[in-house]
Amino acid sequence: MDSTPVECGRSRETVKRSDLAGWAEYGYCASHSRFFWGLRLHLVCTLQGLPIAFALTGAKADERETLLDLLAAECELLRERPRQTLIGDKNYFGRGFERELSEHGVQLLRPARKGERERPGAALFKPLRQVIESINETFKGQLDLERHRGCTPGGVIARVMQRILALTAAIWHNDATGQTVLRSLIAYDH
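All of these numbers come straight from a predicted model, not from anything done at the bench.

1. A closer look at a nonpolar patch on the surface
Link 1 in the chain: Nonpolar side chains collect at one region of the surface, where Phe-54, Ile-157 and Met-161 lie side by side and expose about 240 Å² of accessible area between them.
Link 2 in the chain: Tracing the sequence through the fold places Met-161 in helix α6 (residues 153-176).

Right under this line is the structure:
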């Protein structure tokens, strides 16, 4: 689970006259050390990169609340697959948050925050975290998520969903044809 920025404009004039005003907002992306105006795509994916659940929110939406909302909206995900482990970054923290996840039968794997003692599974975290970052990079690099060109809420939603569907279809096709790397889109990059 992670979120990634979906930038919707750069100039102040765009922000002032955009149909996205009120939904899109200024936010900060720590991994890129930059502010942006737009939305945030929250994803829950398998380790192979298959999107399981997603949400498109304002840039300042709390990742923890969004994840809990996703799990509540897609309750069969946990009911049909008990005792799941979710991998996240340091922003997925808090006793109440982790208690709520454990009530749903979800174990959280995340790095320790400053001042916390080392958490269980810390040795596994770095290689698994790289998988999460590479899924976001697939959306941004190969599927041009950052250049979606949506100007209205409906346009942005349609363009983001096109990219999620494209990745899902590629993973399904690669799995059905016995490819070793499921998330590879190179064969379709013409």
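This is not the end of the story, as more comes after the structure.
2. So, empty space enclosed by the protein
Link 1 in the chain: Evaluation of the coordinates by the stated rule reveals one cavity of 30 Å³ or more.
Link 2 in the chain: Its boundaries defined by the atoms lining it, the largest cavity holds a volume of some 30 Å³.
Link 3 in the chain: Contributing to the lining of the largest cavity are Met-1, Asp-2, His-42, Leu-43, Glu-63, Thr-66, Leu-67, Leu-70 and Tyr-92.
Link 4 in the chain: Elements represented by at least two residues in the lining of the largest cavity include exactly β3 (34-45) and α2 (63-73).

3. Section: the pairing of strand β5 (residues 84-87)
Link 1 in the chain: Examined bridge by bridge, β5 and strand β6 (residues 106-109) share four bridges and lie parallel to one another. Counterpart to Leu-86 in the pairing with β6 is Leu-108.
Link 2 in the chain: After leaving β5, the chain enters helix α4 (residues 95-103) and then returns to the sheet as β6, a path that is right-handed.

4. Details of helix α5 (residues 122-142)
Link 1 in the chain: Compared with the 30 Å implied by 1.5 Å per residue over 21 residues, the 30 Å span of α5 between its first and last C-alpha is a close match.
Link 2 in the chain: Tucked into the core, α5 has its buried residues touching β1 (2-9), β3, β4 (51-58), β5, β6 and α6.

5. Quick look at the UniProt feature "domain: Transposase IS4-like" (unreviewed entry) in the protein
Link 1 in the chain: As annotated by UniProt and renumbered to match this structure, "domain: Transposase IS4-like" (unreviewed entry) occupies residues 1-167.
Link 2 in the chain: End-to-end, the C-alpha atoms of residues 1-167 are 16 Å apart, and along that stretch the chain is 40% helix and 25% strand.

6. Quick look at the packing of α2 against α4
To describe two helices that pack against each other, one gives the angle between their axes and the distance between the axes.
Link 1 in the chain: Interaxial distance between α2 and α4 falls to 11 Å at its minimum, and their mutual angle equals 15 degrees. Considering their axes alone, α2 and α4 lie roughly parallel with respect to each other. Of the two possible hands of crossing, α2 and α4 adopt the one that is left-handed. Contacts from Arg-64, Leu-67, Leu-68 and Leu-71 in α2 reach Phe-97, Glu-100 and Leu-101 in α4.
Link 2 in the chain: Residue classes in the contact of α2 with α4 are distributed as five nonpolar, no polar and two charged.

7. Remarks on the environment of Val-15
Link 1 in the chain: Relative to the helices and strands, Val-15 is located in helix α1 (residues 12-17).
Link 2 in the chain: Its relative accessible area of 16% is what places Val-15 among the buried residues.
Link 3 in the chain: Taking C-alpha positions, Val-15 is 40 Å from Ser-102, a pair spaced 87 residues apart along the chain.

Thresholds applied
- Residues numbered from 1 in each chain as written.
- Predicted model: local features only at pLDDT ≥ 70, side-chain atom pairs only at ≥ 80, totals over all residues.
- Heavy atoms only, no water.
- Patch = residues over 30% accessible without salt bridge, like charges linked within 9 Å, V, L, I, M, F, W, Y side chains within 5 Å.
- Areas by Shrake-Rupley, 256 points an atom, 1.4 Å probe, with all protein chains shown as cover.
- Salt bridge = Lys/Arg side-chain N within 4 Å of Asp/Glu carboxyl O.
- Helix = DSSP H or I, 4+ residues; strand = E, 2+ residues; numbered from the N terminus.
- 1 Å grid on protein atoms, 1.4 Å probe; cavity = no way out; pocket = protein on both sides within 12 Å on 5 of 7 lines; lining within 4 Å.
- Points joined across faces, edges and corners; volume = space filled by probe spheres on them.
- Pairing = 2+ DSSP bridges.
- Right-handed = clockwise from strand over helix to strand, strands pointing away.
- Expected span 1.5 Å × (residues − 1).
- Contact = heavy atoms within 4.5 Å.
- UniProt positions renumbered as here; feature names shortened; annotations may be inferred.
- Axes fitted to C-alpha atoms, helices over the stretch in contact; angles between N-to-C directions.
- Parallel < 35°, antiparallel > 145°, perpendicular 65-115°, else oblique.
- Left-handed = near helix turned anticlockwise from the far one by under 90°.
- Nonpolar A, V, L, I, M, F, W, Y, C, P; charged D, E, K, R; others polar.
- Buried < 20%, exposed > 50% of the residue type's maximum accessible area, 1.4 Å probe, protein only.

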